[in-house]
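Chains, contacts and geometry: an overview
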Amino acid sequence: MPDAVAPLRALAELPGVPERISAAREACERLRWHEALRRRIPEASAESRVRGAQASAALEGATVPLELVRDVMRGAAAWPLEPDPVERVARGVVQATAESEHVRSLVATAPLQALARLHVAAASGLVEDAQLGRPRLHGEDCEELVDLGPAPSAAALRARLDGVVGLLAAGAKGAQVPALVVAAVVHAEVATMRPFVRGNGVVARALERAVVQALGLDPTGVAVTEAGHAAQGGPAYLGALAAYGTGTREGVGLWLEHCAAALVAGAEQGEQVCDAVRAGRLS
């Protein structure tokens, strides 16, 4: 763990980052004390996942109505037996976002299992069954997120995945590393290394949601982190990921600032969710 802690602490001190981390923490604290969360956390967190799934799907180019996502997630509707390509992608996003609630207890103790479960949810029906829940093998390529450059080879994935395990362990064991930094770096690592044949962006965003909740930054799971990313626009999201991929201090700092801004926006949307829950306006 010490090998992972020092670099994370250094990232948290990059120019402009401490202020953004503080702003995100304060936004999450305001959300945590919302009156609706005194008694209605499950309802609010469920609606957060609804809105997060819609936003994450939009970042995948799959635009679906919020009402449909809500109905599917509460069991009042089902996807068509023969979904079109947009519906197949949206179905995977909805499943992965729902699964984030169940894997949050695993992200620190069994992170590879958490990744596998999120991928099974995200990519079922999109890849061969034998490719679900496991990293790419030799000869398997990934054609997603091409704006980030070529995906690393299958041979390089093991070391990168070990690094993700170390990052999550460092964040979970009281290493005094801001949860935002852990969540942001884990998100970017999964998105840039693209360990799976398909579904990497969806898994990365669902994992970030689980980490933010598991590490106590947003313990109620009401912040709509995915909407925070989508609110800045797909090009800004991909551009920030590409900046992280350069490995420079400036590039990584840009990504951390992007994630902090996304969490602030996500917490603000979480407050809107709480207002709607309190007023009984969810349908």
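Residues numbered from 1 in each chain as written. Predicted model: local features only at pLDDT ≥ 70, side-chain atom pairs only at ≥ 80, totals over all residues. Heavy atoms only, no water.

So, about the packing of helix H6 (residues 111-123) against helix H9 (residues 200-214). Between H6 and H9, the least distance of the axes is 9 Å, while the angle of their chain directions is 130 degrees. Regarding the angle of H6 to H9, the classification is oblique. When you trace H6 past H9, the crossing you get is right-handed. On the side of H6, the interface is formed by Leu 115, Leu 118, His 119 and Ala 122, while H9 contributes Val 202, Val 203, Ala 206 and Leu 207. Classifying every residue of the contact of H6 with H9 by side-chain character gives 7 nonpolar, 1 polar and no charged. (Axes fitted to C-alpha atoms, helices over the stretch in contact; angles between N-to-C directions. Helix = DSSP H or I, 4+ residues; strand = E, 2+ residues; numbered from the N terminus. Parallel < 35°, antiparallel > 145°, perpendicular 65-115°, else oblique. Left-handed = near helix turned anticlockwise from the far one by under 90°. Contact = heavy atoms within 4.5 Å. Nonpolar A, V, L, I, M, F, W, Y, C, P; charged D, E, K, R; others polar.)

Glancing now at the nonpolar core. In this structure, Leu 8 and Trp 255 are the most contacted members of the largest nonpolar core, which totals 87 residues. A per-element tally of this core places helix H8 (residues 179-193) first, with 12 residues. With near-sequence residues (within four places) excluded, Trp 255 lies in contact with Ala 184, Val 185, His 187, Ala 188, His 229, Tyr 237, Ala 240, Leu 241 and Tyr 244. (Core = buried A, V, L, I, M, F, W, Y, C linked by side-chain atoms within 4.5 Å. Buried < 20%, exposed > 50% of the residue type's maximum accessible area, 1.4 Å probe, protein only.)

Below, the discussion takes up the side chain of Ser 48. Relative to the assigned elements, Ser 48 resides in helix H3 (residues 41-59). Within the structure, Ser 48 has its side chain in polar contact with the side chain of Arg 209 (distance 3.0 Å). Among residues more than four places away in sequence, those in contact with Ser 48 are Arg 209, Gly 221, Val 222, Ala 223, Val 224 and Val 273. (Polar contact = N/O pair within 3.5 Å; in protein donor to acceptor, adjacent residues only side chain to side chain.)

Where charged atoms of side chains with opposite charge meet at close range, the side chains can pair. What the rule picks out here adds up to 15 salt bridges. The partner of Glu 47 in a salt bridge is Arg 51, with the nearest N and O atoms 2.8 Å apart. On the criterion of helical spacing, the pair formed by Glu 47 and Arg 51 is a turn pair, its members being 4 residues apart in helix H3. Taken as a pair, Glu 47 and Arg 51 share a single burial class, namely buried. A salt bridge links Arg 158 to Asp 162; the shortest N-O distance between them is 3.4 Å. Placement of the pair is Arg 158 and Asp 162 together in helix H7 (residues 154-172), with a separation of 4 residues, close to one helical turn. (Salt bridge = Lys/Arg side-chain N within 4 Å of Asp/Glu carboxyl O.)

Further remarks concern the environment of Ala 204. Structurally, Ala 204 can be placed in helix H9. When its relative accessible area of 0% is taken as the criterion, Ala 204 is described as buried. Separated by 16 residues in sequence, Ala 204 and Ala 188 have C-alpha atoms that sit 7.3 Å apart.

All right, on to the packing of aromatic side chains then. The geometry of an aromatic ring pair is captured by the separation of the ring centres together with the interplanar angle, meaning the angle of the planes. Evaluated as defined, the whole model comprises 1 aromatic pair. Residues Tyr 237 and Trp 255 carry aromatic rings whose centres are separated by 6.2 Å and whose planes lie at 55 degrees to one another, so their mutual orientation is tilted. Of this pair, Tyr 237 sits in helix H11 (residues 234-245) while Trp 255 sits in helix H12 (residues 249-279), and the two are 18 residues apart along the sequence. With relative accessibility at 3%, the residue Tyr 237 sits in the buried group. For Trp 255, a relative accessible area of 0% corresponds to the buried category. (Phe/Tyr/Trp six-rings, centres within 6.5 Å; stacked < 30°, edge-to-face > 60°.)

A word on H6. The terminal C-alpha atoms of H6 lie 18 Å apart, and with 13 residues this matches the ideal 18 Å at 1.5 Å per residue to within 8%. Listed in full, the buried residues belonging to H6 are Pro 111, Ala 114, Leu 115, Leu 118, His 119, Ala 121, Ala 122 and Ala 123. End-on, the buried residues of H6 take up no more than an arc of 170 degrees, which puts them together on one face. Taken together, the buried residues of H6 touch helix H5 (85-103), H7, H8 and H9. One or two residues past the end of H6 sits Gly 125, with phi positive at roughly 85 degrees. (Expected span 1.5 Å × (residues − 1). Arc of directions from axis to C-beta.)

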